[in-house]
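Residues per chain are reported as follows:
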Amino acid sequence: MPAVIAVTGASGGIGGRVAARLAEAGLPSRLLGRDPERLPRLPGATAAPPAPYGDGAAMRRALDGTGTLFLVSAHESADRVTEHRTAVDAAVAAGVERIVYVSFLGAAPDATFTFARDHWHTEQHIRGTGLRYTFLRDSFYLAALAGMAGADGVIRGPAGQGRVSAVAHDDIADVAVAVLRGGTEHDGRTYEVTGPEALSMTEAAEALSRASGRTVSYVPETREEAYASRASYGVADWEMAGWVSSYEAIATGEVSTVSGTVPDLTGHPAQSFAEFLRRNPDSYRHLLPAD
């Protein structure tokens, strides 16, 4: 009997796709999510009771009897690293043997993108457990790239003339399942998971224009302009810094790497932005006239 794979975020974009693919492959899984009522009902899958990452006892109970933890990062928060560490420690206590963690491209203690620093600290904590591990450092999502354009048809941000190798949720999930189904050949590996191209914001706007039939443009901002244009949202300082620094990471080239991980591990090419837009018209529906 294959070891049970615990899938976190199983009602979300990455975890849900991974859970569905594991079920299709006939592999047993334990599904974790913030709201058990939203977890998918899949063959070979059992739903765990609510187990927030920051609740070590609940996480340990949810992970008991599982062999591998597929750990999707928690929602951004001021104490996300602490939540991750608690979840990882719970996995150790529950006897989990391997962690496959969804990290971020260019994760480093001094990464420009502030949220990427959280991923580096989480990686370091996982390394220190002595468990088998694999890190999947994905780039920004193609869906997020489409969402960067406002309803006015303008992408605004301090991305300069930098580029981003954004990747599709489906491709990340396919890579994750290839690793989860694999053996020790993936242990200790860090995979950069990217799309097939690195686009500038101008090129992203042009692709959105072609898909939507509406002119979409890119307007570069300075850091000061970026903070000012988003001030009305009234978010916490850490969240604002994450928003602005995501564009600044594009400007520095820290998210421009294009890897062959998707084709190498899945046997199919990574989705381009144009292909993603063709497959997912809802991703740019906010740019279309109201019905």
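Note: the structure precedes this text.
Residues numbered from 1 in each chain as written. Predicted model: local features only at pLDDT ≥ 70, side-chain atom pairs only at ≥ 80, totals over all residues. Heavy atoms only, no water.

A. Structural detail: the overall build of the chain. Summing up its helical and strand segments, the chain has 11 helices and 11 strands in all. A compact globule built from 291 residues would reach a C-alpha radius of gyration of about 19 Å, and the chain, at 19 Å, matches this within 12%. Each principal axis of the C-alpha distribution contributes one length, and for the chain these read about 55 × 35 × 35 Å. Considering the chain as a whole, with its 291 residues, one finds that 49% of them fall into the buried category. Accessible surface for the chain amounts to roughly 12600 Å². Of this, 50% is attributable to carbon and sulfur atoms. In the chain, 26 side chains carry a positive charge and 35 a negative one; their mean positions are 3 Å apart. (Helix = DSSP H or I, 4+ residues; strand = E, 2+ residues; numbered from the N terminus. Rg over C-alpha atoms; globule rule 2.2 N^0.38 Å. Buried < 20%, exposed > 50% of the residue type's maximum accessible area, 1.4 Å probe, protein only. Areas by Shrake-Rupley, 256 points an atom, 1.4 Å probe, with all protein chains shown as cover. Lys, Arg positive; Asp, Glu negative; His and termini not counted. Charge placed at Lys NZ, Arg CZ, Asp CG, Glu CD.)

B. Geometry of the packing of aromatic side chains. Considering all chains together, one arrives at eight aromatic pairs under this definition. Here Phe 113 and Phe 140 contribute two aromatic rings whose centre-to-centre distance is 5.3 Å and whose plane-to-plane angle is 55°, an arrangement assigned as tilted. You can see Phe 113 sitting in the loop between strand S5 (98-104) and helix H4 (114-127) and its partner Phe 140 sitting in the loop between strand S6 (132-138) and helix H5 (142-147), a full 27 residues away along the chain. In this pair, the class of Phe 113 matches that of Phe 140, namely buried. Ring pairs connect the aromatic residues Phe 104, Phe 113, Phe 115, Phe 140 and Trp 238, which therefore count as one cluster. (Phe/Tyr/Trp six-rings, centres within 6.5 Å; stacked < 30°, edge-to-face > 60°.)

C. Focus on the side chain of Ser 77. In this structure, Ser 77 sits in the loop between strand S4 (68-72) and helix H3 (80-94). In this structure Ser 77 comes out as buried when scored by relative accessible area, which is 18%. Of the polar contacts made by the side chain of Ser 77, one reaches the side chain of Asp 79; its length is 3.1 Å. Here the side chain of Ser 77 touches Arg 80 through a polar contact of 3.2 Å, landing on its backbone nitrogen. (Polar contact = N/O pair within 3.5 Å; in protein donor to acceptor, adjacent residues only side chain to side chain.)

D. Looking closely at helix H7 (residues 201-212). For H7, with 12 residues, the first-to-last C-alpha span of 16 Å sits near the 16 Å given by 1.5 Å per residue. Along H7, the positions that sit buried rather than exposed are Met 201, Ala 204, Ala 205, Ala 207, Leu 208, Ser 209 and Ser 212. Just beyond H7, the residue with positive phi is Gly 213, at close to 75°. (Expected span 1.5 Å × (residues − 1).)

E. Looking closely at the pattern of salt bridges. Following the criterion strictly, the structure yields 12 salt bridges and no others. For Glu 275, the salt bridge goes to Arg 279, with nearest N and O atoms at 2.5 Å. Residue Glu 275 and its partner Arg 279 are located together in helix H11 (residues 273-279), separated by four residues, close to a single helical turn. For Glu 275, a relative accessible area of 22% gives the class partly exposed. Close ionic contact of Arg 285 with Asp 282 constitutes a salt bridge, the shortest N to O distance being 2.7 Å. Classification of Arg 285 by relative accessible area gives partly exposed; the value is 45%. Classification of Asp 282 as exposed rests on a relative accessible area of 57%. (Salt bridge = Lys/Arg side-chain N within 4 Å of Asp/Glu carboxyl O.)

By themselves these figures say nothing about function.
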